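# Descriptive structure summary
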Amino acid sequence: MNAINDTNEFYDAIAEHYPMFYRDWETQLEREGLGLRTIFRNRGVERILDASCGAGAQTIPLAQLNYKVVAVDPSAGMLRKAQEFATRYGVADKIQFERGDFFSLPTLVQAPFDAVITRGNALPHLILDEEIEHALRNFYDLLRPGGTLVIGMRDFAPFMEDRPRFIPGFVHQFDNGDEFVSFDIWEWHDGSPVIATQNLYIVTGCAGKYETIKRHVMYRPLSTDEVKVVLLETGFEEVSDQPNRWERVLVARKPLGG
Ligand SMILES: C[S@@+](CC[C@H](N)C(=O)[O-])C[C@H]1O[C@@H](n2cnc3c(N)ncnc32)[C@H](O)[C@@H]1O
């Protein structure tokens, strides 16, 4: 199965800028590591699959914390960025990188894992019900009995209500005078399902000379409640939900007898 929403052009184009989508990338890495270590405490987690590793926001701190990480992403640009950070932070030899998407996982990686994570709103890039079910089934099959699944996603429920068009992003000002500014314009397409398009604008430059790039990517604006139902239908149990910055973090367990 191939995802009907090919996100690679978008992520390849923004990969170089990705750390700019955080107030402070280094602080974010520390926070991600701490948050995941807290979730994994007392769950016997050693080997982790990061199924949408992007630039390594979770993979890098997990490797720094000595977890064994297999990191997968379909975007060659994002994977390159993650490998660059892994080298910079001295953890390249602790991570196995693979290029692929949620559907190619069973042929790409060696199960079982103690935990599977997909953070950073990757799951809502899947558009069809059967794609979402397929991805969650793959995560389930790749986990050992008692293993932990962690999904980080925007809860689109309030978005569906308000359908915002303009969403501010980030502003960075560097010592050399360069500036980085980002914002989104969202489009909402009625249908079954409703589809949301994020148009991301990145403005860079200094001293009155600025350049803007615009890239778009599609989402199925899922609510966390919808995902919880599919998790339970897939066989997961103990599904919980907590806030983390702009995401909600869903944690679920594969039953010991699963
Ligand atoms: C916003 S990034 C998040 C990356 C990282 N986990 C983080 O939190 O910074 C979303 C990632 O999902 C990946 N992605 C998109 N569609 C995917 C799919 N079908 N399977 C796996 N990953 C996907 C993209 O390539 C991108 O790197």
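In this text, all values refer to a predicted model and were calculated from it rather than measured experimentally.

Taken together, 21 residues surround the ligand, and among them Tyr18, Ser52, Gln58, Asp73 and Arg119 come closest. Note that an oxygen atom of the ligand is positioned 2.8 Å from one of the side-chain N or O atoms of tyrosine 18. When isolated, the ligand has an accessible area of 600 Å², and the protein chains bury 96% of it.

For glutamine 28, the location among the structural elements is in helix H2 (residues 25-40). Here glutamine 28 falls in the buried class, since its relative accessible area comes to 2%. A distance of 3.1 Å separates polar atoms of two side chains, one belonging to glutamine 28 and the other to arginine 31. Setting aside residues up to four positions removed in sequence, glutamine 28 forms contacts with Tyr22 and Arg245.

Another point: the pattern of salt bridges. Pairing between side chains of opposite charge can happen when the charged atoms of each approach one another. Taken as a whole and judged by the stated rule, the model has 13 salt bridges. In this structure, the salt-bridge partner of lysine 228 is aspartate 225, at a minimum N-O distance of 3.7 Å. On the criterion of helical spacing, the pair formed by lysine 228 and aspartate 225 is a turn pair, its members being three residues apart in helix H8 (residues 224-234). For arginine 248, the salt bridge goes to aspartate 241, with nearest N and O atoms at 2.9 Å. When salt bridges that share partners are traced, they join Glu16, Lys81, Glu84 and Arg88 into one network.

Applying the stated criterion across every chain yields a total of 20 aromatic pairs. Arranged with centres 5.8 Å apart and planes meeting at 45°, the rings of phenylalanine 156 and tyrosine 219 form a pair that is tilted. Of the two residues, phenylalanine 156 sits in the loop between strand S5 (143-153) and helix H7 (157-162) while tyrosine 219 sits in strand S9 (residues 209-219), which places them 63 residues apart along the sequence. The burial state of phenylalanine 156 is the same as that of tyrosine 219; both residues are buried.

Taken together, four strands build an open sheet; the order of strands is S6-S7-S8-S9 and the sheet is antiparallel. If you trace the sheet from one side to the other, it starts and ends with strand S6 (166-173) and S9, each paired once. Between one strand axis and the next, the sheet turns by 15° as a mean value, whatever way the strands run. Judged from the eleven bridges that link them, strand S7 (residues 179-189) and strand S8 (residues 195-206) form a sheet pairing that is antiparallel. Residue glutamate 187 lies in a different strand from S8, and its bridge partner there is threonine 197.

Rules and cut-offs
- Residues numbered from 1 in each chain as written.
- Predicted model: local features only at pLDDT ≥ 70, side-chain atom pairs only at ≥ 80, totals over all residues.
- Heavy atoms only, no water.
- Near = heavy atom within 4 Å.
- Polar contact = N/O pair within 3.5 Å; in protein donor to acceptor, adjacent residues only side chain to side chain.
- Areas by Shrake-Rupley, 256 points an atom, 1.4 Å probe, with all protein chains shown as cover.
- Helix = DSSP H or I, 4+ residues; strand = E, 2+ residues; numbered from the N terminus.
- Buried < 20%, exposed > 50% of the residue type's maximum accessible area, 1.4 Å probe, protein only.
- Contact = heavy atoms within 4.5 Å.
- Salt bridge = Lys/Arg side-chain N within 4 Å of Asp/Glu carboxyl O.
- Phe/Tyr/Trp six-rings, centres within 6.5 Å; stacked < 30°, edge-to-face > 60°.
- Pairing = 2+ DSSP bridges.
- Axes fitted to C-alpha atoms, helices over the stretch in contact; angles between N-to-C directions.

As far as function goes, none of this settles anything; it's purely spatial.
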